Amino acid sequence: YSKSGEGEAKVQKTLSGRACTAEDSFEFTIAPVGEAPAFSNPTVTVTKDSTNFTESFGNVTFTEAGTYEWTVSETHKGETINGVAYDSADKTITIKVVDDGKGNLVADTNSALVQTVAFTNTYSKSGEGEAKVQKNLSGRAWTAEDSFEFTITPVGEAPAFPTPTVTVTKDSTNFTESLR
């Protein structure tokens, strides 16, 4: 009496915050846990051209009934690159295999021989700005006692500056100060 069966593992990528571009590519690896068989293709790359943003690690062959697990990790997990925050969690694929008594290893109830794990990356944008205040004094020369204070206040949804007030004096370079 011999038995066998096959299973498949897939990974699906979701990019939140913007559409996937032709330059985007996301690499994943799968590693067996314990007695789980290894996939012959342990690395896949999901791109804009991947159907449903999903790629398969391929199939593995089972020769014994049991519960098998693999860990799927994203390259660059937990990093932020070009505004894309990569999913930081590893995902686990579990396939429970039973002998159907007819020479086939099949998925146990509440399991499936084809498993897909999902990873979500989030795009966000940010930037820094600077406002400068320059004081022009006409009619007389600057003195050591001259001091002019300026405050910047955000309007609407504009972000606030961490230091919203500056003072321009004779010692200010070009009579200019920066609000940062």
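Above: the structure in question.
Cut-offs and rules
- Residues numbered from 1 in each chain as written.
- Predicted model: local features only at pLDDT ≥ 70, side-chain atom pairs only at ≥ 80, totals over all residues.
- Heavy atoms only, no water.
- Salt bridge = Lys/Arg side-chain N within 4 Å of Asp/Glu carboxyl O.
- Helix = DSSP H or I, 4+ residues; strand = E, 2+ residues; numbered from the N terminus.
- Buried < 20%, exposed > 50% of the residue type's maximum accessible area, 1.4 Å probe, protein only.
- Pairing = 2+ DSSP bridges.
- Phe/Tyr/Trp six-rings, centres within 6.5 Å; stacked < 30°, edge-to-face > 60°.
- Lys NZ or Arg CZ within 6 Å of the ring centre and 35° of its normal.
- Core = buried A, V, L, I, M, F, W, Y, C linked by side-chain atoms within 4.5 Å.
- Contact = heavy atoms within 4.5 Å.

Enquirer: An account of the pattern of salt bridges is requested, with residue identities and associated values reported.
Expert: One pass over the structure, following the stated rule, counts 6 salt bridges. A salt bridge links Lys3 to Glu64; the nearest nitrogen and oxygen atoms lie 3.8 Å apart. With Lys3 in the segment before strand S1 (5-16) and Glu64 in the loop between strand S4 (54-62) and strand S5 (66-74), this residue pair connects regions lying 61 residues apart in the sequence. The exposure class assigned to Lys3 is partly exposed, which follows from its relative accessible area of 23%. Assessed through its relative accessible area of 44%, Glu64 is described here as partly exposed.

Enquirer: For the pairing of strand S2 (residues 25-33), give the residues involved together with the corresponding values.
Expert: As a general feature of sheets, a regular strand has side chains that alternate between the two faces. Across 5 bridges, the pairing between S2 and strand S3 (residues 43-47) is antiparallel. Directly across from Thr29, in S3, lies its bridge partner Thr43. Pairing of S2 with S5, which is carried by 6 bridges, proceeds in the antiparallel orientation. Looking across to S5, one finds that Phe28 is bridged to Glu74.

Enquirer: So what's going on with the packing of aromatic side chains? Residues and values would help.
Expert: Each aromatic ring pair is specified by the distance between its two centres and by the angle formed by the two planes. Under the defined criterion, the tally for this structure stands at 8 aromatic pairs. Each residue in the set Phe39, Phe57, Phe62, Tyr68 and Trp70 is aromatic and connected to the rest through ring pairs, giving one cluster. If you follow Lys13 out to its NZ or CZ, it ends over the ring of Phe26, 5.2 Å from the centre. Arg18 extends its terminal NZ or CZ atom over the ring of Tyr123, reaching a point 4.9 Å from the ring centre.

Enquirer: Can you break down the sheet that holds S1 residue by residue, with the values?
Expert: Here we have 5 strands laid out as an open sheet, ordered S4-S1-S10-S7-S6, and mixed in their pairing. Either end of the sheet is taken by a strand with one partner, and the two such strands are S4 and strand S6 (80-81). Looking at chain direction, S1 and S4 are connected through 8 bridges and run antiparallel. Within S4, the position partnered with Gly7 by the bridge is Val60.

Enquirer: So, the nonpolar core: which residues are in play, and what are the values?
Expert: Generally speaking, a soluble globular protein has its nonpolar side chains buried in company with each other. Ranked by internal contacts, the top residues of the largest apolar core, which has 25 residues, are Val11, Phe28, Phe57, Trp70 and Val72. At the level of elements, S1, S2, S3, S4, S5, strand S8 (91-99) and strand S10 (114-123) are the ones that each hand at least two residues to this core. Dropping the residues within four chain positions of it, Phe57 is found in contact with Ala9, Lys10, Val11, Phe28, Thr29, Ile30, Phe39, Asn41, Pro42, Thr43, Val44 and Val72. Core analysis: the next-biggest nonpolar cluster, separate from the first, contains 6 residues, Ala131, Trp142, Val166 and Leu179 among them.

Enquirer: Describe the pairing of strand S13 (residues 165-169), and please don't skip the residues or the numbers.
Expert: Covered by surrounding structure in S13 are Val166 and Val168 only, the residues Thr165, Thr167 and Thr169 on the alternate face being uncovered. As judged from the 5 bridges shared by strand S12 (residues 147-151) and S13, these two strands associate in the antiparallel manner. The residue bridging Glu149 from the neighbouring strand is Thr167, located in S13.

Scope: geometric values only; no functional claims are made or implied.
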